[in-house]
Amino acid sequence: MKFLKLTLVLFFILNVSLSHGQSLDGSYEFTKKDSLRGSITPPRSCYDVHYYHLDVKIDPEKKTVEGSNTIFFEVVSSTSVIQIDLFENMNISSIDLDGKKKLKFHRKFNAVFIDLPEELAQGTMHRIEIAYNGEPTISRKPPWDGGFIWEKDSVGNPWIAVACQGTGASLWWPNKDHQSDEPDSMLISVTVPEELENISNGRLR
């Protein structure tokens, strides 16, 4: 039994080492990009997401996404900077605080650091609206490979889906992309061409 436990522990350690350090062929090394994605740092832990309103327009011809996400959050610890996540191939046009202040921000890989005009006090509620657009990553092998799927059905109509379970939702919309913090609820508003229909999670309103 002790031998079995030891074997399992060693197997687990080896798997962790391979998945976060180097692949079997030696082609991958753990990077700063991985650290920003997986770590719980003060700019992430300082706030708790309560609600998202994702409002997007899908353009099948251009294969683009355009819209905004409004994040309603509570400040857990006083802070002057917060981190959200959005893949670096997607553009951010503006970020507003509480509907009135345009915020400065800078990006490191897929992490977006928002500089607040003043320190937000612990226990206060706020909202930030991120306007964005771009051509999201295309999935090459869905659902194993994250990204959009821009296909046609049997009669030539657009058939569009997105796979992001493993890769993360930030490949196509801005959010706090870490499993430690899920919103209490979310509203999804999607605009598509008139002849198409959107099917999403949740209950139709």
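Computed from a prediction, not measured in an experiment: that's the story for all the values here. (Residues numbered from 1 in each chain as written. Predicted model: local features only at pLDDT ≥ 70, side-chain atom pairs only at ≥ 80, totals over all residues. Heavy atoms only, no water.)

Draft legend 1. Here's a closer look at the overall build of the protein chain. Helix and strand counts for the protein chain stand at three helices and eleven strands. Along the protein chain, helices (α) and strands (β) appear in the sequence α-α-α-β-β-β-β-β-β-β-β-β-β-β when read from the amino end. For the protein chain, the residues scored as buried account for 34% of the 205 residues in total. Restricting to contacts in the protein chain with at least 6 residues of sequence separation, those with at least 24 account for 65%. Entry remark: accessible area of the protein chain is about 13100 Å², with carbon and sulfur atoms responsible for 54%. (Helix = DSSP H or I, 4+ residues; strand = E, 2+ residues; numbered from the N terminus. Buried < 20%, exposed > 50% of the residue type's maximum accessible area, 1.4 Å probe, protein only. Contact = heavy atoms within 4.5 Å. Areas by Shrake-Rupley, 256 points an atom, 1.4 Å probe, with all protein chains shown as cover.)

Draft legend 2. Expanded view of the pattern of salt bridges. Overall, the coordinates contain four salt bridges when judged by the stated rule. Across the pair Lys 101 and Glu 118 runs a salt bridge whose closest N-O atoms are separated by 3.2 Å. Of this pair, Lys 101 sits in strand E5 (residues 101–102) while Glu 118 sits in strand E7 (residues 111–120), and the two are 17 residues apart along the sequence. The partly exposed category is assigned to Lys 101, whose relative accessible area is 31%. Taking relative accessible area as the criterion, Glu 118 reaches 37% and is therefore assigned partly exposed. A salt bridge links Lys 176 to Asp 181; the nearest nitrogen and oxygen atoms lie 2.9 Å apart. In terms of burial, Lys 176 and Asp 181 fall into one category: buried. (Salt bridge = Lys/Arg side-chain N within 4 Å of Asp/Glu carboxyl O.)

Draft legend 3. Quick peek at the pairing of strand E6 (residues 104–108). Pairing geometry for E6 and E7, over five bridges, is antiparallel. By the bridge assignment, Lys 104 is partnered in E7 with Asp 115. Two successive antiparallel strands, E6 and E7, enclose a turn made up of two residues, where Phe 109 displays a positive phi of approximately 55°. (Pairing = 2+ DSSP bridges.)

Draft legend 4. Structural context of the sheet that holds strand E4 (residues 91–97). One open sheet holds the six strands; their spatial order is E5-E4-E8-E2-E1-E11, and the pairing between them is mixed. At either margin of the open sheet sits one strand with a lone partner, and together these are E5 and strand E11 (185–191). Two strands pair when backbone bridges link them, and E4 and strand E8 (residues 125–134) are joined in this way by six bridges, in the antiparallel orientation. Each bridged residue has a counterpart across the sheet, and for Ile 95 the counterpart in E8 is Ile 130.

Draft legend 5. Quick peek at the confidence of the model for the protein chain. Averaged over every residue, the pLDDT of the protein chain is 86; residues scoring 70 or more account for 82%. Note on residues 2–22: pLDDT under 50 across the span, and ten contacts to partners over four residues away in sequence or across chains. (pLDDT = per-residue confidence, 0-100.)

Draft legend 6. Up close: unusual backbone geometry. Cis geometry is adopted by the peptide bond preceding Pro 143, which originates at Pro 142 and carries an omega value of 0°. Within the secondary structure layout, Pro 143 lies in the loop between E8 and strand E9 (147–152). Not every positive phi belongs to a glycine, and Phe 109 is a case in point at roughly 55°. Its place among the elements puts Phe 109 in the loop between E6 and E7.

Draft legend 7. Local environment of the sheet that holds E7. Taken in spatial order, the three strands line up as E3-E7-E6 in an open sheet, and their pairing is antiparallel. This sheet does not close on itself; its edge strands, each paired only once, are strand E3 (79–85) and E6. Strand after strand, the sheet turns through a mean of 25° between neighbouring axes, direction not considered. (Axes fitted to C-alpha atoms, helices over the stretch in contact; angles between N-to-C directions.)

Draft legend 8. Expanded view of the nonpolar core. Residues Ile 114, Ile 128, Tyr 132 and Trp 172 are the most contacted members of the largest nonpolar core, which totals 34 residues. Counting only elements with at least two residues in this core, the list comes to strand E1 (47–59), strand E2 (64–75), E3, E4, E7, E8 and E9. Here this core gets six residues from one element, more than from any other, and that element is E1. (Core = buried A, V, L, I, M, F, W, Y, C linked by side-chain atoms within 4.5 Å.)

Draft legend 9. Highlighting the packing of aromatic side chains. Throughout the structure, instances matching the rule amount to six aromatic pairs. Ring geometry for Tyr 52 against Trp 173: centres 5.3 Å apart, planes inclined by 90°, an arrangement best described as edge-to-face. Of this pair, Tyr 52 sits in strand E1 while Trp 173 sits in the loop between strand E10 (158–163) and E11, placing them 121 residues apart in sequence. Taking relative accessible area as the criterion, Tyr 52 reaches 3% and is therefore assigned buried. A centroid spacing of 6.5 Å and a plane angle of 75° characterise the contact between Trp 172 and Trp 173, whose relative ring orientation is edge-to-face. Owing to a relative accessible area of 9%, Trp 173 belongs among the buried residues under this scheme. Site record: aromatic cluster; members linked through ring pairs are Tyr 52, Phe 148, Trp 150, Trp 172 and Trp 173. (Phe/Tyr/Trp six-rings, centres within 6.5 Å; stacked < 30°, edge-to-face > 60°.)

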